[in-house]
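# Structure at a glance
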Amino acid sequence: MKDRIFYITTPIYYVNASPHIGHAYTTIVADVLARYHRLRGDKTFFLTGTDEHGDKIAEAAKKGGVTPKEYADGISAQFRSLWPELAVTNDRFIRTTDADHVATVRGILQKVYDSGDIYFGEYEGFYCVGCERFYMEKELLDGKCPQHETVPEHRKESNYFFRMGKYQEWLINHIETHPDFIRPERYKNEALAFLREPLEDLCISRPKSRLTWGIDLPFDENYVTYVWFDALINYLTGVGYPEGENFGTFWPVAQHLIAKDILKPHGIYWPTMLKAAGIEPYQHLNVHGYWNVDQSKMSKSLGNVVKPLDLKDKYGLDPFRYFLLRDMVFGLDSSFSEEAFVQRINSDLANDLGNLVSRTMQMAIKYGDGRVPTPDAAAFAEQALPEAAARALAEVESCFTTLALHKALIAIWEFINVTNKTIVEKEPWVLAKDPANKERLATILYHLLEALRVTAVLITPFMPGSAAKILAQLGIADPAGQTFETLRAWGGLPAGSALTKGETLFPRVEVKKEEDKPAAAAVAAKAEVPAIKPEIAYEDFQKIDLRVAKVLAAERVPKSSKLLKLSVEIDGERTVVAGMGKDYTPEEMVGKQIVVVANLKPAKLMGVESRGMLLATDTEEGLTLLGFDKPPKTGANIH
Ligand code: MSP
């Protein structure tokens, strides 16, 4: 039963600053995971919230001239109200000032104190308020905190300590015997690297003479609890530790989601705290990278903080969610740029998915009676679409177990491309001309509509709003019934339901001319563009005769996986050999208008003479041909 229950948490965010794209990313990833598990029918709990105690908040409140609680109320409310706007479906929003949390923290402190793992002692060290933790001298870079690049305060005071060092060997063993405990691998290795050094005990209190904004220690009212010891426990309070029914259900499968900045508290402090309190460790710690902005770190002082609501308002919620998930490889850093975002909207969303939906709906309505047609099995012998759908489903499911969400989206887009190709190959508009093709046409349209349903279900965790809109166009008013189970067999779309053409799902974003440059630069920077070759004179360029050619026939060159032999029309027919065979089938090439260097000296490739060379470029998904926005005349000059 373990795998049918899912518990996911985000960090609880500090209330000293407003939410930005980094907070939005983690929370949206958690939401995508929660939605996916609900769609599979798993019992799911999703927790997020705010971290409100400690020096950092006390300082920010002081600057603002309000009490810490008033300050925390204001910013916590900003987080709380942001999440529904981003379609985030958390089951609880926890605050560390909530009464049940205060009680849980005190309960655990007492338990660990009673068992002898908390003691009183003297401490001296370097404290970074930004991180809310002590640093060892050797951890500092030029005497500064490596995260905040600020000089930490030197502090010496009497405090309570948690015997963290006692659990060092246990933790190393636990990480080594549970390879997925911290993932991806690089962060597991980072945690093990911390543990190669002797693990010091953790200072878990602050004297009230210096800080009062915290939870009182149950065994000494002159001290408040250290903010990390307080904050981490939210993951237990959230599911009702110790008595709540949810605790028993969800804790055994607890998964935390964080960025790399807070690996140490989650990977080291937290499991040892749990162990000392006699609670099983969490199941997985999932660690992602950092969003930078235009290659630099996001920071208030640089003025480059990206606000999630600004992007949502400008480009729409689903494109925003899609972009965040598609452009970050889970575990690695990614750089945000508005140009790259617009590119994704125009190519993946407007072009690939949006066009597919509108073309299919238009044809299905035009060539039918406004309802989902009944397919005729005999008229649709080939299996390309059902097979591609099964492949996409399997890939998406496997990616969800490893959190490779960008790969899940790539797999869904492969399916979208197969569907788009099916339209090109089957040419429903040609079939529609002859009434004898009625059944075949109805069948093809049914399969295309079913492909839209499959796509809608697959994108539901990522873009729930757009998925519901596609399903509504297919006559499915209630998306709740469209679980992943309905994708196991092809043909779940009920024939006869009413089709309605909706509005454009993803309007294209017009890029102003002067903005073209940065867009190209952003894409180029990502793809590691090769160096530009040395300059040539215009006269030299003029020597190259580029022409529009039409592919009349195509076949594979025997014994070559890459080469295609094309018969093309330019000024008459000629043969051109092209290395496109891995990315295009011969059938796909036929009928296309392409760009050919027409006056290249003939050359023999695997025994076939080629008179000219076609032009293509690389994409993440392989080669793509150069094309035209409007159909040109075959043989026309390209200048
Ligand atoms: N309050 C602590 C967490 C306590 S959890 C028991 C804290 N808060 S925070 O507000 O600083 O949030 C840190 C988290 O916000 C990161 O781990 C990550 O989830 C998210 N992000 C903040 N900036 C980010 C980026 N630039 N990029 C990606 N995510 C980042 O630490």
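None of the values given here were measured: they were computed from a predicted structure. All residue numbers here refer to positions counted from 1 along the written sequence of the relevant chain. Owing to the predicted nature of the model, reporting of local features is limited to residues with pLDDT of at least 70; listing and counting of side-chain atom pairs is limited to 80 or more, with chain, interface and lining totals taken over all residues. The basis for the side-chain values is all heavy atoms of the structure; hydrogens and waters are excluded.

### Overview of the domain arrangement of the protein
Convention followed: Where each domain starts and ends follows an automatic or database-derived domain assignment. When checking whether two residues touch, look at their non-hydrogen atoms; a contact exists if any pair is within 4.5 Å. Two parts placed together each lose some accessible area; with a 1.4 Å probe, that loss summed over both constitutes the buried area. Within this document, salt bridges are pairs made up of a side-chain nitrogen of Lys or Arg and a carboxyl oxygen of Asp or Glu, the two lying within 4 Å of each other. Under this definition, polar contacts are N or O atom pairs within 3.5 Å; protein pairs additionally need one hydrogen-donor-capable and one acceptor-capable atom, and for neighbouring residues in sequence, both atoms have to be side-chain atoms. Each helix is a run of H or I in the DSSP string that is no shorter than four residues. Each strand is a run of E no shorter than two, and both are numbered from the N terminus.
Each domain of the protein was delimited in the assignment, giving domain 1 (2–314), domain 2 (338–487) and domain 3 (520–625). Between the C-alpha centres of domain 2 and domain 3 the distance comes to 31 Å. Listed as interface residues are 5 residues of domain 2 and, on the opposing side, 5 residues of domain 3. Interface of domain 2 and domain 3: buried area, both sides summed, is about 440 Å²; carbon and sulfur atoms make up 55% of it. Inspection of the domain 2/domain 3 interface yields 1 salt bridge. Across the salt bridge formed by Lys421 and Glu588, the nearest N and O atoms sit 3.2 Å from each other. Scanning the region where domain 2 abuts domain 3 turns up 1 residue pair in polar contact (both at pLDDT 80 or more). Elements that contribute at least two residues to the side of domain 2 that touches domain 3 include exactly α13 (338–366) and α15 (405–426).

### A few points about the site of the ligand
Our working rule: One heavy atom within 4 Å of a molecule or strand is enough for the residue carrying it to be called near that molecule or strand. Only the protein chains shown count as cover for residues, with accessible areas throughout obtained via the Shrake-Rupley method and a probe of 1.4 Å.
Surrounding the ligand, one finds 23 residues, the nearest of these being Ile12, Thr26, Asp51, Asp261 and Trp291. Contacts to the ligand include Trp291, whose backbone N or O atom sits 2.8 Å from a nitrogen atom. Contact with the protein chains removes 94% of the 670 Å² of surface that the ligand exposes when unbound. Of the residues forming the shell around the ligand, the biggest block, 4 residues, is contributed by strand β1 (residues 5–14).

### Side note on the sheet that holds strand β19 (residues 593–597)
Test applied: Whether two strands pair comes down to DSSP finding at least two bridges between them.
In spatial order, the strands read β18-β17-β16-β19-β22; together these 5 strands make up an open sheet with antiparallel pairing. If you trace the sheet from one side to the other, it starts and ends with β18 (573–578) and β22 (613–614), each paired once. Two elements, β19 and β22, share 2 bridges in a ladder whose sense is antiparallel. If you follow Val596 over to β22, its bridge partner there is Leu614.

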